[in-house]
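Structural description and commentary
Letter by letter, the chains look like this.
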Amino acid sequence: MEIIIQPDSRHASAVAAKIVANLVREKPHAVLGFATGQTPLEMYRVLVEMHHKEGLDFSQNTAFNLDEYVGLPPGHPGSYHSYMREHLFRHINIPASRVNIPDGRAADIPACCLDYEERIHTAGGIDIQILGIGTDGHLGFNEPTSSLASRTRIKTLTAGTRRDNAALFGGEDNVPHHVITMGLGTIMDCRVCLLLAFGKKKAQAVAAAVEGPLTAMIPASVLQMHPRAIFVLDEDAASHLTRADYYKWVYENKPDWQKY
Ligand code: F6R
């Protein structure tokens, strides 16, 4: 695991955007995996800025999102279809035909999940998957006790996750109970996993995922088994790590050829 600790979320988002932009430049057909939530917003803003000011070109990329609520129409303000359109897709030149987000209104959810897995496979697999982390250590919407080998499927949110996501629904009671999410096995198949976490409220989950035991109780700990997992943190989210000084030294002393 590579742990990058930055002074604040703005600097951390800039590093994460650079990692994504480098890949898009090196591999124009790269398959990009996106996440939603508060955490990646600034990184998306920087990518949009790079598109406008530096000509960062997404015209050949394919996108897959991690998850979507079950039962929400794509136009619902709380849906991840709306989120991605609003914060990224309408500002860049990725073709709509190559944007994939689970269909929360599918009549046959198991078939829709199987189809999603097949689409990822047909696209050649995901080159980089952006990830956040839940306060309970969830990855995508794989809540604690999710199988570490799970594939895209329906999951039931915990009360804590529904509370954390209440803002766009006008209250916790309106947050759907069910979601479609890539599984932990699906995420582990991605070539690079880029996890962002900011703020004190993520510190415990980050420390458990990075330095704790590998356990389904902290789904993000599965990334300990990933050959190319990068955590980009602000100081607050890193504040419970026991080896923070070591991670900082490693990052600051990377050989030039390894730098982002
Ligand atoms: C979002 C997702 C979730 C979030 C996590 C953190 O697509 O899959 O795992 O990344 O809940 O959410 P924020 O960033 O809002 O704290």
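Residues numbered from 1 in each chain as written. Predicted model: local features only at pLDDT ≥ 70, side-chain atom pairs only at ≥ 80, totals over all residues. Heavy atoms only, no water.

Applying the stated criterion across every chain, the model contains 14 salt bridges. Residue Lys 254 is joined to Glu 2 by a salt bridge in which the shortest nitrogen-to-oxygen separation is 2.8 Å. Linking Lys 254 in the segment after α8 (244–252) with Glu 2 in strand β1 (residues 2–6), this pair joins segments that are 252 residues apart in sequence. For the pair formed by Lys 254 and Glu 2, the shared burial category is buried. A salt bridge links Arg 119 to Asp 115; its shortest N-O distance comes to 3.1 Å. Here Arg 119 pairs with Asp 115, and both are found in helix α4 (residues 109–122), just four residues apart, close to one helical turn. (Salt bridge = Lys/Arg side-chain N within 4 Å of Asp/Glu carboxyl O. Helix = DSSP H or I, 4+ residues; strand = E, 2+ residues; numbered from the N terminus. Buried < 20%, exposed > 50% of the residue type's maximum accessible area, 1.4 Å probe, protein only.)

The strand order β4-β8-β7 describes an open sheet built from three strands, whose pairing is antiparallel. Each of the sheet's edge strands pairs with one partner strand only, and the pair in question is β4 (67–69) and β7 (153–156). Strand-to-strand, the axes of this sheet are offset by a mean angle of 30°, without reference to chain direction. As paired elements, β7 and strand β8 (residues 178–181) share four bridges and run antiparallel to each other. Across the sheet, Arg 153 pairs through a bridge with Thr 181, a residue of β8. (Pairing = 2+ DSSP bridges. Axes fitted to C-alpha atoms, helices over the stretch in contact; angles between N-to-C directions.)

Here we come to the site of the ligand. Taken together, Ala 35, Thr 36, Gly 37, Gln 38, Thr 39, Leu 66, Asp 67, Gly 132, Ile 133, His 138, Gly 140 and Lys 202 make up all the residues around the ligand. Gly 140 places a polar main-chain atom, nitrogen or oxygen, 2.7 Å from an oxygen atom of the ligand. Burial of the ligand by the protein chains amounts to 91% of its free accessible area of 410 Å². (Near = heavy atom within 4 Å. Polar contact = N/O pair within 3.5 Å; in protein donor to acceptor, adjacent residues only side chain to side chain. Areas by Shrake-Rupley, 256 points an atom, 1.4 Å probe, with all protein chains shown as cover.)

Below, the discussion takes up the pairing of β1. For β1, the tally of buried residues reaches five of five residues, placing the bulk of the element in the interior. The two faces of β1 match: Glu 2, Ile 4 and Gln 6 on one face and Ile 3 and Ile 5 on the other face are all buried. Pairing geometry for β1 and strand β10 (residues 229–234), over five bridges, is parallel. Note that in β10 the partner of Ile 4 across the bridge is Val 232.

Among the nonpolar cores identified, the biggest contains 82 residues, and Leu 47, Leu 194, Leu 233 and Leu 241 are the most heavily contacted of them. The element contributing the most residues to this core is helix α1 (residues 9–26), with nine residues. Ignoring sequence-local partners within four residues, the contact set of Leu 47 consists of Ala 17, Val 20, Ala 21, Leu 56 and Phe 58. Counting five residues, the second largest nonpolar core, distinct from the first, contains Ala 106, Cys 112, Cys 113 and Ile 180. (Core = buried A, V, L, I, M, F, W, Y, C linked by side-chain atoms within 4.5 Å. Contact = heavy atoms within 4.5 Å.)

Ordered in space as β1-β10-β9-β6-β2-β3-β5, the seven strands form an open sheet in which the pairing is parallel. Edge positions in the open sheet fall to β1 and β5 (99–100), since each of these has one partner strand only. Bridging between strand β6 (residues 128–131) and strand β9 (residues 192–197) involves four bridges; their strand directions are parallel. Directly across from Ile 128, in β9, lies its bridge partner Val 192.

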